[in-house]
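Breakdown of the fold
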Amino acid sequence: MARIVMKFGGTSVADLDRIKNVARHVKREVDAGHEVAVVVSAMSGKTNELVGWVQGTPKVVGANSPFYDAREYDAVVASGEQVTCGLLAIALQAMDINARSWQGWQIPIRTDNAHGAARILDIDGSDIIKRMGEGQVAVIAGFQGLGPDNRIATLGRGGSDTSAVAIAAAVKADRCDIYTDVDGVYTTDPRIVPQARRLKKIAFEEMLEMASLGAKVLQVRSVELAMVHKVRTFVRSSFEDPDAPGMGDFLNPPGTLICDEDEIVEQEVVTGIAYAKDEAQISLRRLADRPGVSAAIFGPLAESHINVDMIVQNISEDGSKTDMTFTVPSGDVEKAIKVLGENKEKIGYDVVQNESGLVKVSVIGIGMRSHAGVAATAFKALADKGINIKAITTSEIKISILIDGPYAELAVRTLHSCYGLDKN
Ligand code: ADP
Ligand code: ASP
Ligand code: MG
């Protein structure tokens with residue numbers, strides 16, 4: 001007998017038939033004698049709809065500002081998960097399984113005060129552990145917890161993955177299964193590249209890079225937690241027949257295991273390709289080239305919570321002036337330009353230029369640490385397709401390349417095949 005946390009994403013609970021199907025997956029594990037906690041997302045599309053209502057309300061009222069109170073955003077958008085956890089508990093009860101729904105505050109899942117993007121600080125797993133020991137399935141609303149102000153706090157988009165891994169750590173689960181609409185983690189998004197291959201295993205560090213660089217199959221924070229707390233996490237499909245052979249295999253369930261790199265026997269040089277849309281590039285022209293100029297630019301941007309990513313600096317011929325180019329999410333461009341304008345004198349630049357609609361494609365693999373020439377291969381393959389590179393950043397295990405938006409899919413496919421990742 002083991003303890004398993006099962007998480008089901010939005011498409012897996014999109015309607016009552018799918019919720020019934022989820023209940024059958026849960027029943028399989030309960031019938032095998034395991035203690036089970038389930039974490040659910042809202043029905044697919046629901047969170048978007050709720051966010052749209054929140055953003056639309058000030059406009060409809062005719063308010064001067066489009067801004068709203070983040071605590072009320074959380075009160076509204078957390079409701080999607082409240083619905084699905086109740087419905088799944090009902091479905092399980094109707095199948096004669098002892099089940100009870102839990103919202104974040106009832107456990108409680110304690111978070112910090114960053115409403116809309118809160119971090120889990122602590123989970124009291126004792127009640128859940130006790131009930132699971134008595135044979136009750138805990139059905140838990142993902143994406144939400146309770147802030148220090150005793151109000152509902154949500155964990156950022158895709159946050160149910162993080163709820164699941166954090167609960168698995170809190171109740172010391174033997175396994176955390178993330179059920180979604182694909183049957184594992186692929187070498188790249190299988191919806192963009194049909195030749196993508198499913199990975200049997202992927203190392204924590206690689207999954208962390210894949211998720212941070214755009215593969216939304218897991219929320220970044222969930223991978224961090226799995227790595228720190230050594231949670232055995234599988235990504236697998238909820239769309240397969242719950243009772244098909246092998247589905248209940250405890251040691252080797254179908255799907256992708258996220259694990260320590262030592263567990264991976266045949267490490268490839270490149271494991272996967274990720275991409276992130278909606279990047280924007282901002283350039284400051286003719287900056288004074290003196291100590292403190294970077295601090296003068298990036299300090300105020302950080303204080304305004306603008307996430308700066310790639311940074312490139314060019315030195316002019318005479319060495320007295322420089323150009324600085326960096327990227328931010330497209331949605332933050334206006335705010336960034338405003339902040340730079342307010343600090344123009346302190347920074348000392350001539351003009352600021354910006355370009356939106358760019359895409360960052362990234363090549364990821366732990367094997368890069370010990371192989372030369374990985375970057376050169378990418379540059380040549382992109383050049384052969386006539387794709388212009390606007391900026392490059394690298395780390396030990398990844399290369400990120402900024403390109404024009406319309407080339408995104410071509411670039412992802414090109415990189416995928418140039419490293420031999422296409423399935424035969
Ligand atoms: P859920 O609602 O279950 O949380 P998400 O939509 O958040 O599901 O994540 C699953 C999606 O992630 C897939 O449908 C797929 O298009 C996308 N995805 C992006 N990159 C990858 C990848 N490398 N492997 C698998 N899926 C990926
Ligand atoms: N329902 C939330 C979202 O759409 C959380 C999740 O699905 O993980 O972002
Ligand atoms: Mg998700």
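Up top you'll find the structure we're talking about.
Report follows, based on the coordinates. None of the values given here were measured: they were computed from a predicted structure. (Residues numbered from 1 in each chain as written. Chains lettered and ligands numbered in written order. Predicted model: local features only at pLDDT ≥ 70, side-chain atom pairs only at ≥ 80, totals over all residues. Heavy atoms only, no water.)

1. Considerations on the overall build of the protein chain
Of the regular secondary structure elements, the protein chain holds 13 helices and 18 strands. For 424 residues, the compact-globule estimate of 2.2 N^0.38 gives 22 Å, and the protein chain sits close to it at 23 Å. Overall, the protein chain is about 80 × 55 × 35 Å in size when its C-alpha atoms are taken along their principal axes. A burial count over the protein chain gives 49% of its 424 residues as buried. In the protein chain, the proportion of contacts linking residues at least 24 apart, taken out of those at least 6 apart, comes to 76%. By element, 50% of the accessible surface of the protein chain is carried by carbon and sulfur atoms, the whole surface being about 19,300 Å². The distance from the centre of the 46 positive side-chain charges to the centre of the 56 negative ones in the protein chain is 2 Å. (Helix = DSSP H or I, 4+ residues; strand = E, 2+ residues; numbered from the N terminus. Rg over C-alpha atoms; globule rule 2.2 N^0.38 Å. Buried < 20%, exposed > 50% of the residue type's maximum accessible area, 1.4 Å probe, protein only. Contact = heavy atoms within 4.5 Å. Areas by Shrake-Rupley, 256 points an atom, 1.4 Å probe, with all protein chains shown as cover. Lys, Arg positive; Asp, Glu negative; His and termini not counted. Charge placed at Lys NZ, Arg CZ, Asp CG, Glu CD.)

2. Here we look at the site of ligand 2
In the vicinity of ligand 2, the contacting residues are Ser41, Ala42, Thr47, Glu81, Phe143, Arg157, Gly158, Gly159 and Ser160. Contacts to ligand 2 include Ser41, whose side-chain N or O atom sits 3.1 Å from an oxygen atom. Between ligand 2 and the protein, one listed contact pairs an oxygen atom with a backbone N or O atom of Ser160 at 3.0 Å. A breakdown of the residues in the shell around ligand 2 according to their chemical character gives 2 nonpolar, 5 polar and 2 charged. (Near = heavy atom within 4 Å. Polar contact = N/O pair within 3.5 Å; in protein donor to acceptor, adjacent residues only side chain to side chain. Nonpolar A, V, L, I, M, F, W, Y, C, P; charged D, E, K, R; others polar.)

3. Focus on empty space enclosed by the protein
Evaluation of the coordinates by the stated rule reveals 1 cavity of 30 Å³ or more. Of the pockets and cavities examined, the largest cavity occupies roughly 30 Å³. For the lining of the largest cavity, the leading source of residues is helix H8 (residues 220-229), giving 3 residues. A per-class count over the lining of the largest cavity returns 6 nonpolar, 2 polar and no charged. (1 Å grid on protein atoms, 1.4 Å probe; cavity = no way out; pocket = protein on both sides within 12 Å on 5 of 7 lines; lining within 4 Å. Points joined across faces, edges and corners; volume = space filled by probe spheres on them.)

4. Let's talk about the layout of surface pockets
Quantified by volume, the second largest pocket comes out at close to 300 Å³. In this structure, the second largest pocket is lined by 15 residues; those nearest its centre are Leu199, Lys201, Ile264, Glu266 and Glu268. Across the lining of the second largest pocket, the residue classes tally to 5 nonpolar, 3 polar and 7 charged.

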